[in-house]
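Notes for the structure review
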Amino acid sequence: TKHISMKKYLSLFLLITVSFLVIAQPEDPKTLHQTAKTFMQTGDFDNAIIILTRALQQDKNNLEMQKDLVMSFFLKRDYQKAKVGAEELINRDDADVVTFQIAGNVYKALEEVKDCEKMYKKALKKFPKSGPLYSEYGELLFAIKDFSAIELWEKGIEVDPAYGGNYYNAALYYFYAKDKVWSLIYGEIFVNMESLSERGAAMKQQLLQAYKEKLFADADLMKGEEKNKSEFAKAFLTSMGKQSSLANKGITVETLSMIRTRFILDWYANNAAKFPFKLFDYHKQLISGGMFDAYNQWLFGSTENLAAYDNWTKTHSEEYDGFNAFQKNRVFRMPQGQYYQVL
């Protein structure tokens, strides 16, 4: 029996030693980073900070871990510590766009507008084609009622047309300015890029309002457009003006569908060669495929009258399902080189 208990004792001793060795093994930074990310996702920023700090002791120049550490301080609302980290980050040679976006959020939280502006200027020197940076720099200016923000959003649309944020900001700006072209065009582009978000739903509502309150508010669409420098905008208004009599029935989904169908036919007869434009190409494709009515219902119907929209989708189920299936399988992106606004 003594012999057996000695054996047991030895195996227990070995087990404890091995477990101790396993526990004492330092985890590699990659594993620690993953653990920290899990804590971030559950909103436990204190634990994320503890783990990231330890991971960075092993891999002190890791950009992704440093970004997550600054983000954790930011989300914990410890803005001073976040600022120290953000300033270290943006001075790194390998600082990327997201690094500058994080720094922008920190400066905005601290309401340090001057430093924030300086940072965005530095960022855009390094990344002159970054849509997100133009978008967020514009938001900073707009928040302090500096309306040159629109120049940044327009620049963002020009250099990075596949990024949605600038269309959203510019469409909102034009909706409240004396403009009846770009709020419609940028708004519709944005909805096609980001239809499922809350911003997308709000933009649909604004689009219908813009057609009612702005585009067809006056029977003469060219009234007050003498100083408009954009040839594209003038061509748009001239072509829409030809359909103006249809607005006599009021602006509904049905009349909008008719107006916009006739507009596309006129546009392709007179302007498309001079102004190639992806949004209108998409409209033309939908008309050819017999899906343009369904698209207009999707765009304006739920906003105008939900009951009527539900009824339309039931009575035109084949048409509507066909459009939905088609739309689910495509990604709408504006290409380079189709920029026609002149400020």
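Residues numbered from 1 in each chain as written. Predicted model: local features only at pLDDT ≥ 70, side-chain atom pairs only at ≥ 80, totals over all residues. Heavy atoms only, no water.

1. Some words on the pattern of salt bridges
A full pass over the atoms with the stated rule returns 14 salt bridges. Two residues, Lys 37 and Asp 68, come together in a salt bridge whose shortest N-O distance is 3.1 Å. With Lys 37 in helix 2 (residues 29-41) and Asp 68 in helix 4 (residues 63-75), this pair connects stretches of sequence that are 31 residues apart. Under the relative-accessibility criterion, Asp 68 is labelled buried at 12%. Linking Asp 266 and Lys 242 is a salt bridge whose minimum nitrogen-to-oxygen distance equals 2.9 Å. Taken together, the residues Asp 266 in helix 14 (residues 253-270) and Lys 242 in the loop between helix 13 (231-241) and helix 14 connect sequence positions 24 residues apart. (Salt bridge = Lys/Arg side-chain N within 4 Å of Asp/Glu carboxyl O. Helix = DSSP H or I, 4+ residues; strand = E, 2+ residues; numbered from the N terminus. Buried < 20%, exposed > 50% of the residue type's maximum accessible area, 1.4 Å probe, protein only.)

2. Quick notes on the packing of aromatic side chains
Across all of its chains, the model carries 38 aromatic pairs by this definition. Note on Tyr 295 and Phe 323: the rings are 6.0 Å apart at their centroids and 75 degrees apart in plane angle, and the pair reads as edge-to-face. A residue pair is termed long-range when its members are at least 10 positions apart, and Tyr 295 in helix 16 (residues 292-304) and Phe 323 in helix 18 (residues 317-328) qualify at 28 residues. Take Tyr 295: its relative accessible area is 0%, and that puts it in the buried class. For Phe 323, a relative accessible area of 0% translates into the label buried. Above the ring of Trp 298, the side-chain terminus of Lys 204 is found at 4.2 Å from the ring centroid. (Phe/Tyr/Trp six-rings, centres within 6.5 Å; stacked < 30°, edge-to-face > 60°. Lys NZ or Arg CZ within 6 Å of the ring centre and 35° of its normal.)

3. Things to note about unusual backbone geometry
At Arg 77, a position not held by glycine, the phi torsion is positive, near 70 degrees. One can find Arg 77 in the loop between helix 4 and helix 5 (79-90). By relative accessible area, Arg 77 is classed as exposed at 65%. Positioned with a positive phi, Glu 111 is a non-glycine residue whose angle comes to about 55 degrees. By the element assignment, Glu 111 lies in the loop between helix 6 (97-109) and helix 7 (113-126).

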